Amino acid sequence: MTPYAIFIHISLTFFITVNGQITCPVCTDPYNPDSCTGTQQCHSHDVCELHVHLSDRNRVNYICHNSHACVNQQTHACNPYTHDTCTFCCNSLQSCATERQDLFTTRFTAAMSTLQPTSFVPTAAPTINATTASMCIRCDSNPCNESLIPSLQPIQCPSTQPYCYTDVVQDAAGRSVYKGCANENFCRTKYWDYSAVSVACSRYPYSSSAYLECTFCCLGEGCNRADRPPQYTLVNF
């Protein structure tokens, strides 16, 4: 193994708590992996997905993500010459801690801090501030009945959820679409920290055979009607 490659073996035996959820880490300082001592509860079909942003001084964050999509997108060999963001999956606080320890050795940290990746970097969306809540497409069913989406009328969102979101999940069970109102934490976690830097989510229309989850947040009346909102409506944090 070269100094610039790390191989992670992922177990697909998920740790489920008594209430049908798993517990994942939260990092209080995104530039210090030792700070990932907080916790968040994720659904039983999710895993803890770790993002290491190589182009931003190894910034780290965890999100709850669909298990199949995470495993499909995980980075087995994290190489600073070819990756902008590396993705890893774990399924409990202990397995995540072990994974971080394996990743952030002295050699790994030194190598990543001195190199810049050359892979795809998405074009940043224009900066838009949520001064007023949007009117969003919101599905009554969960997930959406896709045949009804074109006829849905935008609904006023509450001030606590000023953004519109659209979420597309493709896994072994098929394709599911979710749409509605969202708060900033949801959009930062699901969209800005994950989908905005995901190569798979940048390739639209999505491959029908790919396991993925892509979430986009936007501002503007009905901006989330399409699977991928118009570029000029996307939120930039």
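Just above sits the structure.
Residues numbered from 1 in each chain as written. Predicted model: local features only at pLDDT ≥ 70, side-chain atom pairs only at ≥ 80, totals over all residues. Heavy atoms only, no water.

Trainee: Explain the overall build of the protein to me, using residue names and the numbers behind them.
Mentor: If you tally the helices and strands in the protein, you get five helices and ten strands. Per-residue burial over the protein gives 47% buried out of 237 residues. Restricting to contacts in the protein with at least 6 residues of sequence separation, those with at least 24 account for 63%. Total accessible area on the protein stands at roughly 11600 Å², and carbon and sulfur atoms take up 52% of it. (Helix = DSSP H or I, 4+ residues; strand = E, 2+ residues; numbered from the N terminus. Buried < 20%, exposed > 50% of the residue type's maximum accessible area, 1.4 Å probe, protein only. Contact = heavy atoms within 4.5 Å. Areas by Shrake-Rupley, 256 points an atom, 1.4 Å probe, with all protein chains shown as cover.)

Trainee: Lay out the environment of S147 with the relevant residues and their values.
Mentor: One can find S147 in the loop between β6 (135-136) and β7 (155-156). A distance of 2.6 Å separates the side chain of S147 from the side chain of N145, its partner in a polar contact. (Polar contact = N/O pair within 3.5 Å; in protein donor to acceptor, adjacent residues only side chain to side chain.)

Trainee: Can you tell me about the packing of aromatic side chains, naming the residues and giving the values?
Mentor: In total, this model carries five aromatic pairs according to the counting rule given. Arranged with centres 4.9 Å apart and planes meeting at 55°, the rings of Y165 and F186 form a pair that is tilted. Of the two residues, Y165 is situated in strand β8 (residues 163-171) and F186 in helix α4 (residues 184-192); the sequence distance between them amounts to 21 residues. For F186, a relative accessible area of 26% puts it in the partly exposed group. When the centroid spacing of 5.8 Å and the interplanar angle of 50° are considered together, the rings of Y191 and F216 count as tilted. With Y191 in helix α4 and F216 in strand β10 (residues 212-218), the pair connects residues that are 25 residues apart, well separated along the chain. Of the two residues, Y191 and F216, neither departs from the other in class, the shared state being buried. Three or more aromatic residues link up through ring pairs in this structure, and these residues are Y163, Y191, W192, F216 and F237. (Phe/Tyr/Trp six-rings, centres within 6.5 Å; stacked < 30°, edge-to-face > 60°.)

Trainee: Kindly report on the pattern of salt bridges, identifying the contributing residues and their values.
Mentor: In the structure shown here, the tally under the stated rule is five salt bridges. Between R59 and D193 there is a salt bridge; the shortest N-O distance is 3.5 Å. Linking R59 in strand β4 (residues 59-66) with D193 in the loop between α4 and α5 (199-202), this pair joins segments that are 134 residues apart in sequence. Each of the salt bridges in this network shares a partner with another, and the network as a whole consists of E146, R175 and D227. (Salt bridge = Lys/Arg side-chain N within 4 Å of Asp/Glu carboxyl O.)

Trainee: Outline the sheet that holds β10, supporting the account with residue identities and numerical values.
Mentor: One open sheet holds the three strands; their spatial order is β9-β8-β10, and the pairing between them is antiparallel. Looking at strand neighbours, the two that pair on one side only are β9 (174-182) and β10, the edges of this open sheet. Strand-to-strand twist in this sheet, taken as the mean axis angle between neighbours without regard to direction, amounts to 10°. Sheet analysis places β8 next to β10, joined by seven bridges and oriented antiparallel. Counted as the bridge partner of V168 is C214 from β10. Sheet strands touched by α4: β8, β9 and β10. Its angle to β10, the strand with the most contacts, is close to 140°. (Pairing = 2+ DSSP bridges. Axes fitted to C-alpha atoms, helices over the stretch in contact; angles between N-to-C directions.)

Trainee: Residues and numbers for the sheet that holds strand β3 (residues 46-53), please.
Mentor: Within the open sheet, the three strands sit side by side as β4-β3-β5. Their pairing is antiparallel. Both edges of this open sheet fall to β4 and β5 (85-90), since each of them pairs with a single strand only. Sheet twist, expressed as the mean angle between neighbouring strand axes with direction ignored, is 25°. Sheet topology note: the β3/β4 ladder contains eight bridges and is antiparallel. Directly across from E49, in β4, lies its bridge partner I63. Strands in contact with helix α2 (residues 93-103) are β3, β4 and β5; relative to β5, the strand with the most contacts, it is inclined by about 145°.

Trainee: Would you mind going over the nonpolar core in detail, with residue names and values included?
Mentor: Counting 22 residues, the largest nonpolar core has Y191, Y206, C214, F216, C217 and V235 as its most contacted members. Mapped onto this core, the elements with two or more residues apiece are β8, β9, α4 and β10. The element best represented in this core is β10, accounting for four residues. For C217, the contacting residues outside a window of four places in its chain are C164, Y165, F186, C187, Y191, T233, L234 and V235. (Core = buried A, V, L, I, M, F, W, Y, C linked by side-chain atoms within 4.5 Å.)

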